[in-house]
Amino acid sequence: VKISRHFAGARMIASSRGPILGERALKTAAWIISLTCLAPIIAVAIAAASGTWSTWDGLMNTVMPRYTLTTIQLVLMVGIGTALVGAGGAWLVTACEFPFRRTFEVALALPLAFPAYVLAYAYTDLLDHPGPVQTWLRAITGWGPRDYWFPEIRSLGGAATMLTFVLYPYVYLLARAAFLKQSPTAYFAARTLGHGPWSAFFRVSLPMARPAIAGGMILALMETIADFGTVAHFGVQTFATGIYSAWFSMGDRLAASQLALCLLAVALVFALLERAQRGLAKRYPAGSRFEATVRHELSGWRGTVAVLVCLIPLLIGFIIPLVVLFRMAVDSGHSPFSSRYLGYIQNSLTLAAITAVVTVAAAIVIGFCARVAPSLTSRFSATAAGIGYAVPGGVIAVGLLVPFAGIDNMIDGFAREHFGFSTGLFFTGTIGVLVLAYMVRFIAAALGAFDTGISVIKPNIDAAARTLGRSAGKMLWQIHIPLLTPSLLTALLIVFVDVMKELPATLIMRPFNFDTLAVQAYRLASDERLNQAAIPSLMIFAFGLLPVVVLCYSIGRSGRPKAGELPSEDVGLPAT
């Protein structure tokens, strides 16, 4: 009787209006955040549709075919390159044993620390006509400037190469995780049926890992179409550079909105493909017994080839640009600790810290709403908020500047008409709007880390808290946040570093005389002062190295399963 009375009282407490009101407030906040994330997309669509057909016809007759062809070529080259380098390296370190395999297993993720535009600055200084490579070549051969042919780094192929060797870790990490999760039984069965290692790989291992490889490729391609710094530095005309040129060089906001809408359509196609591939990547248990992977011993020339295959991406994507940037920074004669650079660091850290806190808080609201009040609307709000990852920074900037500029003009016009003075700009060109753009762009990364952490918290904990009368807010603050501390710290770190590297949104929306490290590096490189650009580039790399070190530590712990155990699933990209 006492037990029944206790549970009856608990049910009465749990059914009180406190938790219900908490859920309603949570749903309202989640909807506000998701609609805020959708606002730039809606604004771009409205701004593009409000134009005349003459503007659209002018774009189609002038720049649109060139932008479309160049973007397609860049996407194809980067997609093929990241798939070959990433999947090949993942299979070698997973299925084969060769010298330095454990080192390469971790080191192949290191190029992810470099933004592609920083890599472009380093290789431009190294391989351009006045650079050390061609100067040395002319010195030892006695050739003149027109006596030989050398690959042009400032080209579409050069941009594709830079993007490939920076973005292949997306494919490598996901493919490696997929190869580790495969049961060796199917592979062994193919070998017993007479298939060699390569035949078994192409017939069994590769098809099983195909969804993960395709998912990594699509993530890399979304970053490719969003890239501005690399293609702008190499003079490659894509939709990303077209948006910036239309907005600033020509002052045509309508043309910028229509170009942004085209780029948005391409990005959303890749986002839908990535979600479809994620849905295909289902895992089924291999049985009650799990065998440890038996790696192929590669010795002699085979081991040497395997080492070279893994070493070349690491050299091109990490070691060579790091050495070149250090040499350029030393030759520049500038100190990274001068007052000017300390100001750039302060601006970058301020934006990154504020954005990380705001973005993670918004992700907590949306993710926790989907947890405690699962419904179609909560799932839609989470999907709508996460779509910003597929939207390039330039598109978000245009989508936010158009409505906020209109609001500023309305306020200023009202003040002039009724009070006789100008109010200036309340929103446009402020840190607040820039932080909002960052939140829209990177909230998907915070949501991914939050979902990864909360997925291991059993629903029984929520039920017990509700039985004891805890509202949704108290349950989040007293129970889930302490349990989610590692995941939330990961989300803060990921968003912090992404903001440090973001260029197009910062370049378009930053306040007047408020430059960050990324903007300073771009401006110096645009003025062909590459030695000076090396200093902010190295600082950006140093901050970008932090999450990669954490990721490499996770790879080192999870990459060596014991006999009879499954490889750990806590590998890959938590942010995706």
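Refer to the preceding data block for the structure.
Described below are features of the structure shown in this document. (Residues numbered from 1 in each chain as written. Predicted model: local features only at pLDDT ≥ 70, side-chain atom pairs only at ≥ 80, totals over all residues. Heavy atoms only, no water.)

1. A few points about the overall build of the protein
Put simply, the rule is: Note on conventions: DSSP H or I runs of at least 4 residues are helices, E runs of at least 2 residues are strands, and numbering of each starts at the N terminus. Relative accessibility thresholds used throughout: buried, under 20% of the residue-type maximum; exposed, over 50%; partly exposed, between the two (1.4 Å probe, protein chains only). Contact between two residues is taken to exist if any of their heavy atoms lie within 4.5 Å; hydrogens are not considered. Residue-level accessible areas treat just the shown protein chains as cover; the underlying method is Shrake-Rupley with a 1.4 Å probe.
Counting its secondary structure elements, the protein contains 24 helices and 2 strands. Counting the 576 residues in the protein, one finds 51% classified as buried. Long-range contacts, defined here as pairs at least 24 residues apart, represent 81% of the contacts in the protein between residues at least 6 apart. Here the protein has roughly 26,800 Å² of accessible surface; of this, 66% comes from carbon and sulfur atoms.

2. What about the environment of Ala361?
As for its placement among the helices and strands, Ala361 is situated in helix H15 (residues 339-372). Taking the C-alpha atoms as reference, Ala361 lies 9.6 Å from Ile443; in sequence the two are 82 residues apart.

3. Comments concerning the nonpolar core
Let me state the cut-off plainly: Here, nonpolar core refers to any group of buried Ala, Val, Leu, Ile, Met, Phe, Trp, Tyr and Cys residues whose side-chain atoms link them within 4.5 Å.
In terms of nonpolar packing, the biggest core is built from 172 residues, with Phe98, Phe368, Ile443 and Met509 touching the most fellow members. A per-element tally of this core places helix H18 (residues 431-454) first, with 16 residues.

4. Examining the pattern of salt bridges
Spelled out, the test is: By definition here, a salt bridge exists when the distance from a side-chain nitrogen of Lys or Arg to a carboxyl oxygen of Asp or Glu is within 4 Å.
Evaluated as defined, the whole model comprises 10 salt bridges. Residue Arg510 pairs with Asp515 through a salt bridge whose shortest N-O separation is 2.9 Å. Taking relative accessible area as the criterion, Arg510 reaches 23% and is therefore assigned partly exposed. Residue classification places Asp515 among the buried positions, given a relative accessible area of 7%.

5. Examining the layout of surface pockets
One way to see where empty space is left: roll a probe the size of a water molecule over the atoms. Defined as follows: Of the grid points, spaced at 1 Å and generated over the protein atoms alone, those admitting a 1.4 Å probe that cannot get out make up cavities, while open sets with protein on both sides within 12 Å along at least five of seven lines make up pockets; any residue with an atom within 4 Å of a point is treated as lining. Grid points are joined across faces, edges and corners, and a volume is the space filled by probe spheres set on the points. Gly is put with the polar residues, along with every residue not named as nonpolar or charged; the nonpolar set is Ala, Val, Leu, Ile, Met, Phe, Trp, Tyr, Cys and Pro, and the charged set is Asp, Glu, Lys and Arg.
Here the second largest pocket is characterised by a volume of approximately 550 Å³. Residue lining of the second largest pocket: 23 residues in total, with Gly88, Trp91, Leu92, Trp198 and Phe201 positioned closest to the centre. Elements supplying a minimum of two residues to the lining of the second largest pocket: helix H4 (64-95), helix H10 (197-226) and helix H14 (301-332). Counting residues per element, the lining of the second largest pocket draws most heavily on H4, at 8 residues. Residue classes in the lining of the second largest pocket are distributed as 19 nonpolar, 3 polar and 1 charged.

6. Some details on unusual backbone geometry
Unlike most non-glycine residues, Asn513 shows phi in positive territory, near 60°. Note on placement: Asn513 falls in the loop between helix H22 (504-509) and helix H23 (517-526). The exposure class assigned to Asn513 is exposed, which follows from its relative accessible area of 69%.

7. Notes on the packing of helix H6 (residues 116-127) against helix H8 (residues 156-181)
The description of two helices packed together rests on the angle between their axes and the distance between the axes. Short version of the rule: All axes are obtained by fitting lines to C-alpha atoms, using only the stretch in contact for helices, and the reported angles, taken between N-to-C directions, cover 0 to 180 degrees. Orientation is classified from the angle alone, with under 35 degrees giving roughly parallel, over 145 giving roughly antiparallel, 65 to 115 giving roughly perpendicular, and any other angle giving oblique. Each helix crossing is assigned a hand: it is left-handed if the near helix lies turned anticlockwise from the far helix by less than a right angle, otherwise right-handed if that turn is clockwise.
Viewed as axis vectors pointing N to C, H6 and H8 meet at an angle of 130°, and their least axial separation amounts to 9 Å. Here H6 lies oblique to H8, going by the angle between them. Where H6 crosses over H8, the handedness of that crossing is right-handed. Residues Ala116, Leu119, Ala120 and Tyr123 of H6 form the contact with H8, whose participating residues are Met162, Leu163 and Val166. Its residues assigned to classes, the contact of H6 with H8 comprises 7 nonpolar, no polar and no charged.

8. Looking at a nonpolar patch on the surface
Put simply, the test is: In this analysis, a patch consists of residues with relative accessible area above 30% that form no salt bridge, clustered at 9 Å for like charges and at 5 Å for the nonpolar side chains Val, Leu, Ile, Met, Phe, Trp and Tyr.
A contiguous nonpolar patch, built from Trp301, Val305 and Val309 and spanning about 310 Å² of accessible area, is present on the exposed surface. Of note, Val309 is situated in helix H14.

9. Quick notes on the side chain of Asp408
Relative to the elements of secondary structure, Asp408 occurs in helix H17 (residues 393-419). Using a relative accessible area of 1% as the deciding quantity, one classes Asp408 as buried. Apart from the residues within four sequence positions on either side, Asp408 is in contact with Gly424, Leu425, Phe426, Phe427 and Thr428.

10. Thoughts on the side chain of His233
Put simply, the rule is: Pairs of N or O atoms within 3.5 Å make up the polar contacts considered here, provided that, within protein, one atom can donate a hydrogen while the other can accept it, and that residues adjacent in sequence are counted only when both atoms are side-chain atoms.
Counting through the fold element by element, His233 comes out in helix H11 (residues 229-233). Within the structure, the side chain of His233 is placed 3.2 Å from the side chain of Thr124, a separation counted as a polar contact. His233 has contacts with Ala120, Tyr121, Thr124, Arg154, Ala525 and Leu530, leaving out every residue within four places of it along the chain.

11. Things to note about the packing of aromatic side chains
Just so we agree on the cut-off: Two rings from Phe, Tyr or Trp (for Trp, the six-membered ring) form a pair when their centres are within 6.5 Å of each other. A pair whose planes differ by under 30 degrees is stacked, one over 60 is edge-to-face, and the rest are tilted.
In total, this model carries 10 aromatic pairs according to the counting rule given. Ring geometry for Phe318 against Phe541: centres 5.8 Å apart, planes inclined by 55°, an arrangement best described as tilted. Taken together, the residues Phe318 in helix H14 and Phe541 in helix H24 (residues 530-558) connect sequence positions 223 residues apart. Across this residue pair, the class does not change: Phe318 and Phe541 are buried. Chaining the aromatic ring pairs together yields one cluster made of Phe114, Phe318 and Phe541.

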